Amino acid sequence: MATAGVFTHVVEVRGHIIDSLILPRILDELMDLSVDFTIETLEVGKHKADPSYARIEIIASNQDQLNRALSAVQAHGATPIIINDVELAACPNYGVLPESFYSTTNLVTWVRIEGEWVQVAYPEMDCAIRVRGKYAECAPSYDLKAGELVVVGHMGIRVVPLERSRAPSPVFAFMGSTVSSEKPRLLAIQAAAVWMKEAKANASKVAVVAGPAVIHTGSREYLCQLIRSGFVDFLLAGNAIAAHDIESSMFGTSLGVPLAGGQQPDSGHEHHLRAINRIRSAGGIAKAVEKGILTSGVMYECVKNNVGFVLAGSIRDDGPLTDVITDVIEAQRAMRQCIRDNVRVALMLSTMLHSIAVGNLLPASVHTICVDINPAALTKLVDRGSFQSIGLVMDVGGFLRELLDELGVAN
């Protein structure tokens, strides 16, 4: 509504908005955008299980400012009080969105179509919402064709924020807090083990995102044991971890350095290239396993235990291995396909690049544990929108060893 240079809209938010810090975040967003607001109604639940309710009038000086405010608070679950059907517009060209397209979060989202609320499939951040009849899904711009309908504006959209669990859980203290090496790591590792056991019991899936540090630090046998025990369904990684894992299997080195100790051989720096060449000569990793060329290691265990893997290429790759997807869009599509195959737990192990890449694709409902010795990797992941992540500043080998203990897997 607009009157005499004042643009207003009323939104409401309900649920556990106090103890989950949803309402404070909404008010912070409004203050950061320099818009005024009035809390018209605030009803606080009196008991732990009782929801709360707030009705807020947003007051802006122009329509653009109001639109920015509505977009910001919707990401935290605030819904405009006027309930209309969602607005749709056609994409003007392949890979091009209408100017006012709705940019998604990774939270559960509903859109109102012909008077009915429809849940948007495959929540993912920084996408558009494609609508086909009464079906809606998140879709990246590069997968949208000219004429396809996408959601525009802010009407007819409802976002469900993550709330604090009603069950007592100290793990919630990790969520959204400052990354620190001082945190009680065992709590998070125990939670990871519980989530992985639940996923296995419920036919859900676990994705492991791993970097070459898993090999360099001598931790690959722990990851092999995790794969053999049936707790890994997908490995999402790059050329480096596969190349150095295979180098370790064939030559006992990683980047030419003997993993068992001892003097570095004069030609050790060539080992990863020779390992890549053998795999390329065999026709790929699976073919190398089949022919008896590759007989151990992470990639061997993936093949033997039917663990799907996506190796996404990088401009700095040597080789690369035959199985590496060098087209980044195709690699992203392949990772997205794995994630949408009922992944409910993601372990991110010592890889900033791939952790952020996969984090961008994950729904907020996926339990995400990120482990890195460098706090910056964890902070960047959370800052880029993967706020459901639990970050652990620790050595990846120590994490995997303790995780195997919690899972009851002998190591």
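Below or above, wherever it landed, is the structure these notes cover. (Residues numbered from 1 in each chain as written. Predicted model: local features only at pLDDT ≥ 70, side-chain atom pairs only at ≥ 80, totals over all residues. Heavy atoms only, no water.)

Across its full length, the chain carries 13 helices and 20 strands. Taking all 411 residues of the chain together, the buried fraction comes to 49%. Restricting to contacts in the chain with at least 6 residues of sequence separation, those with at least 24 account for 66%. Total accessible area computed for the chain in this model is approximately 18600 Å², and 51% of it derives from carbon and sulfur atoms. (Helix = DSSP H or I, 4+ residues; strand = E, 2+ residues; numbered from the N terminus. Buried < 20%, exposed > 50% of the residue type's maximum accessible area, 1.4 Å probe, protein only. Contact = heavy atoms within 4.5 Å. Areas by Shrake-Rupley, 256 points an atom, 1.4 Å probe, with all protein chains shown as cover.)

Applying the stated criterion across every chain yields a total of zero aromatic pairs. Against the face of Trp 117 rests Arg 158, its NZ or CZ located 4.1 Å from the ring centre. (Phe/Tyr/Trp six-rings, centres within 6.5 Å; stacked < 30°, edge-to-face > 60°. Lys NZ or Arg CZ within 6 Å of the ring centre and 35° of its normal.)

Considering only enclosed or pocket space, the second largest pocket measures out at about 470 Å³ in volume. Together, 25 residues line the second largest pocket, and Val 328, Gln 332, Met 335, Ala 357 and Asn 360 are the ones closest to its centre. Taken together, the elements giving at least two residues each to the lining of the second largest pocket come down to helix H10 (328-339) and helix H11 (352-359). Class assignment for the residues of the lining of the second largest pocket results in 15 nonpolar, six polar and four charged. (1 Å grid on protein atoms, 1.4 Å probe; cavity = no way out; pocket = protein on both sides within 12 Å on 5 of 7 lines; lining within 4 Å. Points joined across faces, edges and corners; volume = space filled by probe spheres on them. Nonpolar A, V, L, I, M, F, W, Y, C, P; charged D, E, K, R; others polar.)

Once that is clear, we can look at the nonpolar core. Counting residues in hydrophobic clusters, the biggest one holds 57 residues, and the most contacted among them are Leu 226, Phe 399 and Leu 403. Of the residues forming this core, the biggest block, eight residues, is contributed by helix H3 (residues 185-201). Leu 403 has contacts with Ile 189, Ala 192, Ala 193, Met 196, Leu 226 and Leu 347, leaving out every residue within four places of it along the chain. By size, the runner-up hydrophobic cluster in this structure holds 21 residues, among which are Met 348, Leu 362, Cys 370 and Leu 381. (Core = buried A, V, L, I, M, F, W, Y, C linked by side-chain atoms within 4.5 Å.)

Spatially, the three strands line up as an open sheet ordered S8-S7-S12, and their pairing is antiparallel. Pairing within the sheet leaves two strands with one partner each, and these edge strands are strand S8 (116-119) and strand S12 (157-160). Between one strand axis and the next, the sheet turns by 25° as a mean value, whatever way the strands run. Bridge analysis of strand S7 (residues 108-113) against S8 gives four bridges, and the strand direction is antiparallel. Across the sheet, Arg 112 pairs through a bridge with Trp 117, a residue of S8. (Pairing = 2+ DSSP bridges. Axes fitted to C-alpha atoms, helices over the stretch in contact; angles between N-to-C directions.)

A word on the side chain of Gln 65. Counting through the fold element by element, Gln 65 comes out in helix H2 (residues 63-74). Contact partners of Gln 65, with chain neighbours within four places excluded, come to Leu 33, Ser 34, Val 35 and Ala 60.

Turning next to the side chain of Thr 351. Within the secondary structure layout, Thr 351 lies in the loop between strand S18 (343-349) and H11. Here Thr 351 is in contact with Val 209, Ala 210, Gly 211 and Asp 372, once residues within four sequence places are set aside.

This next bit is on the state of the cysteines. A full pass over the atoms with the stated rule returns zero disulfides. No disulfide involves Cys 127; its sulfur sits 5.5 Å from the nearest other cysteine sulfur, which is in Cys 138. We note that Cys 302 lacks a disulfide partner, and the nearest cysteine sulfur, in Cys 224, lies 8.2 Å from it. (Disulfide = S-S within 2.5 Å.)

With that settled, consider the environment of Leu 186. Tracing the sequence through the fold places Leu 186 in helix H3. Among the residues examined, Leu 186 registers a relative accessible area of 44% and is labelled partly exposed. Separated by 216 residues in sequence, Leu 186 and Glu 402 place their C-alpha atoms 8.1 Å apart.

So, about the packing of H3 against helix H13 (residues 396-407). Closest axis-to-axis distance for the H3/H13 pair is 9 Å, and the angle between their directions is 55°. In terms of axis orientation, H3 runs oblique to H13. The hand of the H3/H13 crossing is right-handed. Note on element contacts: H13 touches H3 through Phe 399, Glu 402, Leu 403, Glu 406 and Leu 407, opposite Leu 186, Ile 189, Gln 190, Ala 192, Ala 193, Met 196 and Lys 197. Among the residues making up the contact of H3 with H13, the classes are represented as eight nonpolar, one polar and three charged. (Parallel < 35°, antiparallel > 145°, perpendicular 65-115°, else oblique. Left-handed = near helix turned anticlockwise from the far one by under 90°.)

Our focus in this paragraph is unusual backbone geometry. Residue Pro 320 is bonded to the preceding Gly 319 through a cis peptide linkage, with omega at -15°. Take Pro 320: it is sitting in the loop between strand S17 (308-312) and H10. Here Tyr 122, not a glycine, exhibits a phi torsion of approximately 55°, which is positive. Mapped onto the elements of the fold, Tyr 122 is located in the loop between S8 and strand S9 (128-132).

Let's shift gears to a nonpolar patch on the surface. A grouping of Ile 18, Ile 39, Leu 42 and Val 44 is seen on the molecular surface, where their side chains present a nonpolar patch of about 310 Å² in accessible area. Relative to the assigned elements, Val 44 resides in the loop between strand S3 (36-43) and strand S4 (52-60). Residue classification places Val 44 among the partly exposed positions, given a relative accessible area of 49%. (Patch = residues over 30% accessible without salt bridge, like charges linked within 9 Å, V, L, I, M, F, W, Y side chains within 5 Å. Salt bridge = Lys/Arg side-chain N within 4 Å of Asp/Glu carboxyl O.)

For helix H5 (residues 220-228), the complete set of buried residues consists of Arg 220, Leu 223, Cys 224, Gln 225, Leu 226 and Ile 227. Two residues or fewer after H5 comes Gly 230, characterised by a positive phi angle close to 90°.

Packing of H5 against H13 leaves a shortest axis separation of 9 Å and a crossing angle of 30°. Here H5 lies roughly parallel to H13, going by the angle between them. Two packed elements cross with a definite hand, and for H5 against H13 that hand is left-handed. Between H5, through Tyr 222, Leu 223, Gln 225 and Leu 226, and H13, the contact on the second element is made entirely by Gly 397, Leu 400, Arg 401, Leu 403, Leu 404 and Leu 407. Along the lines of polarity and charge, the residues of the contact of H5 with H13 split into seven nonpolar, two polar and one charged.

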